[in-house]
Amino acid sequence: MAASPSTARAINDRLALRLLQDEGPLTAAQLKTLTGLSRPTVADLVDRLSGSGLVHVVGEAGAERRGPNAKLYGLVADRAHLAALDVRTRSVAVTVTDLLGTPLAEATAPVGEDAGTGPAVEKAVALLERTAKEAGVERLHSVAVGAPGLIDPETGELRDTTGLPAWHRRLVAVLQERLPAQVLVENETNLAAVAELSEGAAVGREDFVLLWLGLGIGAAVVLGGRLRRGASGGAGEIGFLPVPGTSGLPSATGCDGGFHELVSTVAVEALAAAHGLDPARALTSGHGPFLDALARRLAVGAAAVAAVLDPGCVVLAGETGHQGGPELAARVEAELAALSPLRTEVRATTLGDAAVLRGALLRARDAAQDALFP
């Protein structure tokens, strides 16, 4: 059934806006070529989007053309402002950007383990407010928060998870109460995967699994180009995966005995010490026996992932993945090839510590554009 004229206009407008987001400023002729729409249809949509305050003339592109200069149209970057927060166990990082995702101000602050829930929340909120003020932003449109823990698929809220600071969950509620903005929260590992898919190690991949390797262990599953959260939001809780070589089995209340016991930061530091290495420098030392031993451990979990999902690619992220880099990834790939008949490429993160914040920013940008674009 053919779309109604109003529906067709909305589809064309959104297509043009996405092109302007992805490609940057374009002329009407370039929009015509990229969309396949007729010249009159493009002229109408440019007038319509300009009138709505979403698009404006940003310059001219005539240096390589004959005849009159062509107007360059671009998104109105200050139509809305965004914020992204990376909330860790002991710190919070903030970036404030325009609608295009151009950073306007950034800041990071530690949050002590001994800080109570109230003071910790106030410190995080104050950091966001100061950063927005520094950026010259009076009102935020969309705010995305990346945090460890499970996200309830029905409510979109951060669930109360044992072992995580209580202020994480309270922070989201306070932001929703105080800000005249839409506030979104997502698991940090999922956001890292979103960023790697868009602009990092997984660009061009439809299917991959990201392993988050740090104080906590998790995974993000991307299949068919889409993030998969699972029935309860717990897809990727690989720290609880029962594996050989641990002290026992994990339980519903603790991942000791699971994959976490083999490859968490604490486990990696202990492995480094057992090889006579400084734990702070072991991953970048190039010490073959240590990296081989760690690669064997990582391959055990990666093999389980490959056997169930066959993603074709595993990205090593988090502190261990970032510091281990391509050298560790290559060793894990070789160990994995010996454990699994399924060919699986292993890549190191290319975004490193910035992955979660970048993913949160992409989440905020998409939410704002979904709300603003017709």
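See the structure shown above.
I will try to describe carefully the structure that is included in this document. (Residues numbered from 1 in each chain as written. Predicted model: local features only at pLDDT ≥ 70, side-chain atom pairs only at ≥ 80, totals over all residues. Heavy atoms only, no water.)

The next point concerns the overall build of the chain. For the chain, the count of helices and strands is eleven helices and 13 strands. Rg of the C-alpha trace for the chain: 23 Å, near the compact-globule value of 21 Å for 374 residues, within the 12% margin. Counting only C-alpha atoms, the chain reaches 70 × 50 × 45 Å along its principal axes. For the chain, the residues scored as buried account for 48% of the 374 residues in total. Relative to all contacts within the chain whose residues are 6 or more apart in sequence, the contacts with residues 24 or more apart total 61%. (Helix = DSSP H or I, 4+ residues; strand = E, 2+ residues; numbered from the N terminus. Rg over C-alpha atoms; globule rule 2.2 N^0.38 Å. Buried < 20%, exposed > 50% of the residue type's maximum accessible area, 1.4 Å probe, protein only. Contact = heavy atoms within 4.5 Å.)

Along the chain, Thr246 falls in the loop between strand S11 (226-228) and helix H7 (259-263). Within the structure, Thr246 has its side chain in polar contact with the backbone oxygen of Val243 (distance 3.4 Å). Engagement of the side chain of Thr246 in a polar contact is seen with the backbone oxygen of Gly257, the distance being 2.8 Å. (Polar contact = N/O pair within 3.5 Å; in protein donor to acceptor, adjacent residues only side chain to side chain.)

Now for the sheet that holds S11. The strand order across the open sheet formed by five strands is S11-S10-S9-S12-S13, and the pairing between neighbours is mixed. Every other strand in the sheet has two partners, leaving S11 and strand S13 (345-348) as the edge strands with one partner each. On average, adjacent strands in this sheet sit at an angle of 25° to one another, irrespective of strand direction. (Pairing = 2+ DSSP bridges. Axes fitted to C-alpha atoms, helices over the stretch in contact; angles between N-to-C directions.)

Let us now look at the sheet that holds strand S6 (residues 103-110). In space, the five strands of this open sheet follow the order S6-S5-S4-S7-S8, with mixed pairing throughout. Only two strands of the sheet have a single neighbouring strand rather than two, namely S6 and strand S8 (182-187). Averaged over all neighbouring strand pairs, the angle between strand axes comes to 15°, with direction disregarded. Both strand S4 (residues 81-87) and strand S5 (residues 91-98) contribute to a ladder of seven bridges, which runs antiparallel. The partner of Leu82 across the bridge, within S5, is Thr97.

Now for the environment of Glu335. Looking at the secondary structure, you find Glu335 in helix H10 (residues 318-339). For the pair Glu335 and Thr102, spaced 233 residues apart in the sequence, the C-alpha separation amounts to 41 Å. When residues no more than four places from it in sequence are discounted, the contact partners of Glu335 are Asp292, Ala295, Arg296 and Ala299.

At Asp310, a position not held by glycine, the phi torsion is positive, near 45°. Relative to the helices and strands, Asp310 is located in the loop between helix H9 (288-309) and strand S12 (313-317).

Scanning the model with the defined rule gives 14 salt bridges in all. When the shortest N-O distance is used, the salt bridge between Asp13 and Arg48 registers 2.8 Å. One end of the pair, Asp13, is in helix H1 (residues 5-23); the other, Arg48, is in helix H3 (residues 39-51), with 35 residues separating them in the sequence. The class for Asp13 is buried, based on a relative accessible area of 4%. For Arg48, a relative accessible area of 31% gives the class partly exposed. Arg281 is the salt-bridge partner of Asp278, the closest N and O atoms lying 2.5 Å from each other. (Salt bridge = Lys/Arg side-chain N within 4 Å of Asp/Glu carboxyl O.)

As a further point, take H10. Since there are 3.6 residues in each turn of an α-helix, residues three or four apart along the chain are aligned in direction. With 22 residues, H10 extends only 24 Å from end C-alpha to end C-alpha; this falls clearly short of the ideal 32 Å at 1.5 Å per step. If you look at H10, its biggest bend is around 105°, right at Gly325, and the proline Pro326 turns up within four residues after that. All buried positions along H10 are accounted for by Gly318, Thr320, Gly321, Gly324, Gly325, Leu328, Ala329, Val332 and Leu336. At its buried positions, H10 is contacted by strand S9 (208-213), helix H8 (265-274), H9, S12 and S13. (Expected span 1.5 Å × (residues − 1). Bend = angle between axes of the 7 residues up to and from the residue.)

Attention now goes to the pairing of S13. With burial as the criterion, only one face of S13 is covered, namely that bearing Val346 and Ala348; the residues Glu345 and Arg347 on the opposite face remain uncovered. In terms of strand pairing, S12 meets S13 through four bridges, oriented parallel. Paired with Val314 across the strands is Val346, a residue of S13. Regarding the hand of the β-α-β motif, the stretch spanning S12, H10 and S13 is right-handed. (Right-handed = clockwise from strand over helix to strand, strands pointing away.)

Bringing the packing of helix H2 (residues 28-35) against H3 into the picture now. Axis separation between H2 and H3 bottoms out at 9 Å; the angle between their running directions is 115°. For the pair H2 and H3, the crossing hand works out as right-handed. Facing H2, whose interface residues are Ala28, Leu31, Lys32 and Thr35, H3 presents Arg39, Val42 and Val46. Residue classes in the contact of H2 with H3 are distributed as four nonpolar, one polar and two charged. (Left-handed = near helix turned anticlockwise from the far one by under 90°. Nonpolar A, V, L, I, M, F, W, Y, C, P; charged D, E, K, R; others polar.)

Looking now at the pairing of S12. With five of five residues buried, S12 lies mostly within the body of the structure. Across the two faces of S12 the burial is the same, with Cys313, Val315 and Ala317 and Val314 and Leu316 all buried. Taken together, the four bridges between S9 and S12 define a ladder with parallel strand orientation. The residue of S12 that forms the bridge with Leu210 is Val315.

Before going further, it helps to spend a moment on the side chain of Asp86. Along the polypeptide, Asp86 turns up in strand S4. On the basis of relative accessible area, Asp86 is assigned to the buried category, the value being 5%. For Asp86, the side chain forms a polar contact with the side chain of Arg88, separated by 2.8 Å.

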